[in-house]
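Given next are the chains, with one letter for each unit.
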Amino acid sequence: MVSVPALRIEPAVPEDHPRIADLTVMTYVGGGLASPGYATELADVAGRAARAELLVVRDHDGRVVGSVALVLEGDFGEVTESEDEAGFRMLVVDPAVQGRGIGAALVRECLARARAAGKRRVVISTGTRMTAAQRLYERLGFVRLPDRDWTPVPGIDLLVYAREL
């Protein structure tokens, strides 16, 4: 793996929202991982920021190259079942810098923040076509919870993974 110099993970600011929206829609819809009908929700960064802790990764020039919505409480996680579970959603890394450890760094940051918040485990869901994400999660110690897999809308099946903290 190539090291990522000058990697900064920090809370997003409203000025980051358009870039996060573009990255998320481009990666999920443009990459064939989500339907065009999901683009409106993917682009609603302000809505996500109101319900989760929105984190970004900046490159050495300060440009947002990755983002994730960390859910420490509330229903935005959609797969959490108790107060001692956290989740994250809409993990995205700019395709131009994928493979450099940015996604893993974001996941590790979510794990650290969930642990610091007193959570016992992190539970996430991912699409069946998101095989690169599944490999990343497994590499970072997540295990499948097939009994919690779910279908938010007909034709969209999501796999659930969890990692104990």
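The shown structure was predicted, so the numbers you read here are calculated from the model rather than taken from an experiment.

Student: In this structure, what is going on with the side chain of D94? I would like to understand it.
Tutor: Turning to its location among the elements, D94 is positioned in the loop between β4 (85-93) and α4 (102-116). For D94, a relative accessible area of 11% corresponds to the buried category. Within the structure, the side chain of D94 is placed 2.9 Å from the backbone nitrogen of A96, a separation counted as a polar contact. When neighbours within four sequence positions are excluded, D94 is seen to be in contact with R19, L23, R63 and V65.

Student: Got a minute to help me understand the packing of aromatic side chains in this structure?
Tutor: Two measures describe an aromatic ring pair: the distance that separates the ring centres and the angle between the ring planes. For the structure shown, the criterion picks out four aromatic pairs. Considering the side-chain rings of F88 and F142, the 6.2 Å spacing of their centres and the 90° angle between planes classify their relative orientation as edge-to-face. With a gap of 54 residues between them, F88 in strand β4 and F142 in the loop between α5 (131-139) and β6 (143-144) connect regions that are remote in the sequence. Each member of the pair, F88 as well as F142, carries the same accessibility label: buried. Taken together, a centroid distance of 5.6 Å and an interplanar angle of 55° make the contact between Y137 and F142 tilted. Aromatic rings pair up to connect F88, Y137, F142 and Y161 into one cluster.

Student: What am I meant to see in the nonpolar core here?
Tutor: For soluble globular proteins, nonpolar side chains are generally found buried alongside one another. Counting 25 residues, the largest nonpolar core has F88, L91, V107, V122, Y137 and F142 as the members making the most contacts within it. Looking at this core, the elements with two or more residues in it are β2 (53-58), β3 (64-71), β4, α4, β5 (121-127), α5 and β8 (156-164). Here this core gets seven residues from one element, more than from any other, and that element is α4. For F88, the contacting residues outside a window of four places in its chain are V68, A69, L70, V71, V107, C110, V122, V123, I124, Y137 and F142. The next biggest cluster of nonpolar side chains, apart from the first, holds 18 residues, and it includes V45, V64, A69 and F76.

Analysis parameters
- Residues numbered from 1 in each chain as written.
- Predicted model: local features only at pLDDT ≥ 70, side-chain atom pairs only at ≥ 80, totals over all residues.
- Heavy atoms only, no water.
- Helix = DSSP H or I, 4+ residues; strand = E, 2+ residues; numbered from the N terminus.
- Buried < 20%, exposed > 50% of the residue type's maximum accessible area, 1.4 Å probe, protein only.
- Polar contact = N/O pair within 3.5 Å; in protein donor to acceptor, adjacent residues only side chain to side chain.
- Contact = heavy atoms within 4.5 Å.
- Phe/Tyr/Trp six-rings, centres within 6.5 Å; stacked < 30°, edge-to-face > 60°.
- Core = buried A, V, L, I, M, F, W, Y, C linked by side-chain atoms within 4.5 Å.

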